[in-house]
Amino acid sequence: MSDPDVPPSALSGDVTLPAVLRDVEPVRSVRTPIRLEYSVTAGSAAEAYLRAYAEKRIVGHRSPVDGAVFIPPRGVDPRYGQETAEEVELAHTGHVGSFCVTHLPIPGRSDLVPPYVSAWIHLDGSAIGFLGLVAGCANEDVRIGMRVRAVWKPDGELGPTSESILHWEPTGEPDVPFERAGNRAWRAGGPDGRDGRQERGDA
Amino acid sequence: MRDVAVVATAQHQVAALTGTTEVQLMVPLLNAVRDAIGLTQADIGFTCSGSSDFLAGQAFSFVHTLDAVGSVPPISESHVEMDGAFALYEAWVKIQTGAADTALVYGYGKSSPGSLRDILALQLDPYHVAPLWPTADAVAALQARLLLESGVSGAGELAEIAVRSMRHAVGSPHAVRSSADVTVADVLAEAPVADPLRPSDIAAEADGGCAVVLAAGDLARGLCERPAWIRGIDHRIDAHGLGVRDLTRSPSAAAAAVRAGAGDDRLDFAELHGLYTSQEAILVRELDLDDDLLVNPSGGALAGNTTMAAGLMRIAEAAARISAGEGDRALAHATSGPCLQQNLVCVLEGE
């Protein structure tokens, strides 16, 4: 990390000034702090999604085009630019579509000791994955296709935030075969078929 | 040069969008312009948008808004951090090159979550001016003061422009400020916001979006009963530093109008993107508009100013009037930057 109080190396060496500027103090840096405040609207889809977490529920939206379920819901099927409004309550179980072992801490998460596993979680019934942490097993044991379930915060600590799910832990069920895990099982569709269905036959 | 026309327009503008994201704003507008001429996104050769992440308070927010367009199969797309009118210029160039025959252009802005007058300070010289955080109204008032003190315009002329905007805006579905009975005396009685600018001199801030479809040649004729042909389009820029400009003038606006051929034939009306009555007064002179020309039949940007879309809305308003047979030849203007720094002029004609 660069120290904001130390000027860049290009400015820390000697500066050669034209004659008219001799004997004046050189300007080595200018600070112009910028602060802007916003009251951002989450929008109806994201708001419902976040509020559901406080009730220990996970919700997505179903596409009116082909029935594909998206999480998080954005109020739109981004493939076709069509509004989505049908809310779908999703299972708290799914599988790991892909993952990485992360060696950097998350600001504000002192409880999370690196290295930890960030994963693309594909919930049963959802067409696409979303980001989560995998814990409850050795990092070495995490694999694509591994079945997982949500581990929620205690009921009294739930809030309108995805942080209400602490992490995802293995269920011990048989894996989803690698070739059908994650987005491999889902066709984003095209001009002809508009086919966004899942092929793996999840519950 | 290829003949290119505006064949469909859609817009939505309100004082403030609450509970609606930019994506949810644009989905119905984009569908409306495509549906109006029976095209799907797969039929669109090029898509180009104008917006600002500073309004959204979110980096790369314009990429997020592509959710509203639909990009399966993948689309050819571009974005400008300028008003959507300048995105339309890029799309027009793209069609001229032959790389596309149709283009979807949109611009949108939702400034209500932040403080627009402060955000606009960040478009000024970042070392000497922006750190002083002059509000947009204060910078415009410097221009208005020069205009009044130099005797080019009088306070009464500016008040008349405000009154004309509010009266024309009555019945305009997208205007957010209108009045059938406001008078010059009413406007002159208002307490100044940034002296000499009064509330009615300042464009009414709005949230909204606008989408248009461009098409070339016979394709345009097949899509739309009366396409609004772009007979000339040009944009020019003045120096960024306010101190090196004569702020009572806008040479870039005058140059753009000449290059676009605005004066080559009689105009039926003009839609101007003046953000202050003082800017509109300057534009009428620089664009060399006749005294009796119908200016801003929609109320103009003064009646509703969606930052990043108000210029494209001027083109959409002009095109829609021509397509409806309410005029044969019009000038549409868009601006960007402080004190009319950048100006685009688009001349539209019906056949």
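Summarised in this report is the structure supplied together with it.

Rules of the game
- Residues numbered from 1 in each chain as written.
- Chains lettered and ligands numbered in written order.
- Predicted model: local features only at pLDDT ≥ 70, side-chain atom pairs only at ≥ 80, totals over all residues.
- Heavy atoms only, no water.
- Helix = DSSP H or I, 4+ residues; strand = E, 2+ residues; numbered from the N terminus.
- Buried < 20%, exposed > 50% of the residue type's maximum accessible area, 1.4 Å probe, protein only.
- Contact = heavy atoms within 4.5 Å.
- Areas by Shrake-Rupley, 256 points an atom, 1.4 Å probe, with all protein chains shown as cover.
- Expected span 1.5 Å × (residues − 1).
- Buried area = accessible area lost by both parts, 1.4 Å probe.
- Salt bridge = Lys/Arg side-chain N within 4 Å of Asp/Glu carboxyl O.
- Polar contact = N/O pair within 3.5 Å; in protein donor to acceptor, adjacent residues only side chain to side chain.
- Axes fitted to C-alpha atoms, helices over the stretch in contact; angles between N-to-C directions.
- Nonpolar A, V, L, I, M, F, W, Y, C, P; charged D, E, K, R; others polar.
- Phe/Tyr/Trp six-rings, centres within 6.5 Å; stacked < 30°, edge-to-face > 60°.
- Lys NZ or Arg CZ within 6 Å of the ring centre and 35° of its normal.

## So, the overall build of chain A
When helices and strands are tallied, chain A shows two helices and 10 strands. Reading the secondary structure of chain A in the N-to-C direction produces α-α-β-β-β-β-β-β-β-β-β-β. Expressed as a percentage of its 203 residues, the buried residues of chain A come to 34%. Put simply, of all contacts in chain A between residues at least 6 apart along the chain, 56% involve residues at least 24 apart. A total of about 12,000 Å² of accessible surface is found on chain A, and carbon and sulfur atoms cover 53% of it.

## Quick word on helix α6 (residues 136-149) of chain B
Residues and elements named next belong to chain B. With 14 residues, α6 extends 20 Å from end C-alpha to end C-alpha; this agrees with the ideal 20 Å at 1.5 Å per step. Listed as buried for α6 are A136, D137, V139, A140, A141, Q143, A144 and L147. For α6, the elements touching its buried residues are α5 (116-119) and α11 (277-286). Trailing α6 by a residue or two, G151 shows a phi angle of about 80°, which is positive.

## Looking at the interface of chain B and chain A
At the interface, 28 residues of chain B touch 28 residues of chain A. Summed over both sides, the interface between chain B and chain A buries roughly 2,000 Å², with carbon and sulfur atoms accounting for 60% of that surface. Run the count over chain B and chain A and you get one salt bridge. Note that R74 of chain A is salt-bridged to D67 of chain B, the shortest N-O span being 3.7 Å. One can count eight residue pairs in polar contact (both at pLDDT 80 or more) joining chain B with chain A.

## Details of the packing of helix α4 (residues 84-96) of chain B against helix α12 (residues 310-323) of chain B
All names here are of chain B. Remark: α4 packs on α12, axes separated minimally by 5 Å, with the N-to-C direction vectors making an angle of 65°. Counting all contacts with α4, which are made through G84, A85 and L88, the residues of α12 involved are G311, L312 and I315. Here the contact of α4 with α12 is composed, by residue class, of four nonpolar, two polar and no charged.

## Details of the packing of aromatic side chains
All told, the structure shown has six aromatic pairs over all chains when counted by the stated rule. Ring centres of Y49 of chain A and Y53 of chain A lie 5.0 Å apart, and the angle between their planes is 80°; on these two criteria the pair is classed as edge-to-face. Linking Y49 of chain A with Y53 of chain A, this pair stays in helix α2 (residues 44-54), spanning four residues, or about one helical turn. Arranged with centres 6.1 Å apart and planes meeting at 50°, the rings of Y53 of chain A and W152 of chain A form a pair that is tilted. Of this pair, Y53 of chain A sits in helix α2 while W152 of chain A sits in strand β9 (residues 147-152); the two residues are 99 residues apart in sequence, bridging distant segments of the chain. The buried category is assigned to Y53 of chain A, whose relative accessible area is 1%. By way of ring pairs, the aromatic residues Y49, Y53 and W152 of chain A are connected into one cluster. When the ring centre of F269 of chain B is taken as reference, the NZ or CZ atom of R321 of chain B above it lies at 5.2 Å.

## Here's the deal with helix α10 (residues 251-259) of chain B
Residues spaced three or four apart along an α-helix face the same direction, because each turn holds 3.6 residues. All names here are of chain B. Burial in α10 covers these residues: S252, A253, A254, A256 and A257. Next to the buried residues of α10 lie β6 (228-237), α11 and β11 (342-349). Directly after α10, the chain includes G261, whose backbone phi takes a positive value near 75°.

## Considerations on the side chain of R226 of chain B
Residues and elements named next belong to chain B. With respect to the helices and strands, R226 occurs in the loop between α9 (217-223) and β6. The exposure class of R226 is buried, given its relative accessible area of 17%. Looking at R226, its side chain comes within polar contact range of the side chain of D328, at 2.7 Å. Of the polar contacts made by the side chain of R226, one reaches the backbone oxygen of E351; its length is 3.5 Å. Ignoring any residue separated from it by four or fewer positions in sequence, one finds R226 in contact with I322, S323, G325, G327, D328, G350 and E351.

## As for unusual backbone geometry
Residue I71 of chain A is joined to P72 of chain A through a cis peptide bond whose omega torsion reads -5°. Among the secondary structure elements, P72 of chain A is positioned in the loop between β2 (69-70) and β3 (76-77). Omega for the peptide link from D195 of chain B to P196 of chain B comes to 15°, which places this bond in the cis form. By the element assignment, P196 of chain B lies in the loop between α8 (184-188) and β5 (205-216). With a phi close to 60°, D288 of chain B is a non-glycine residue in the positive phi region. Residue placement: D288 of chain B occurs in the loop between α11 and β8 (294-295). A positive phi angle, near 55°, is found at N296 of chain B, a position not held by glycine. With respect to the helices, strands and loops of the structure, N296 of chain B is situated in the loop between β8 and β9 (305-306).

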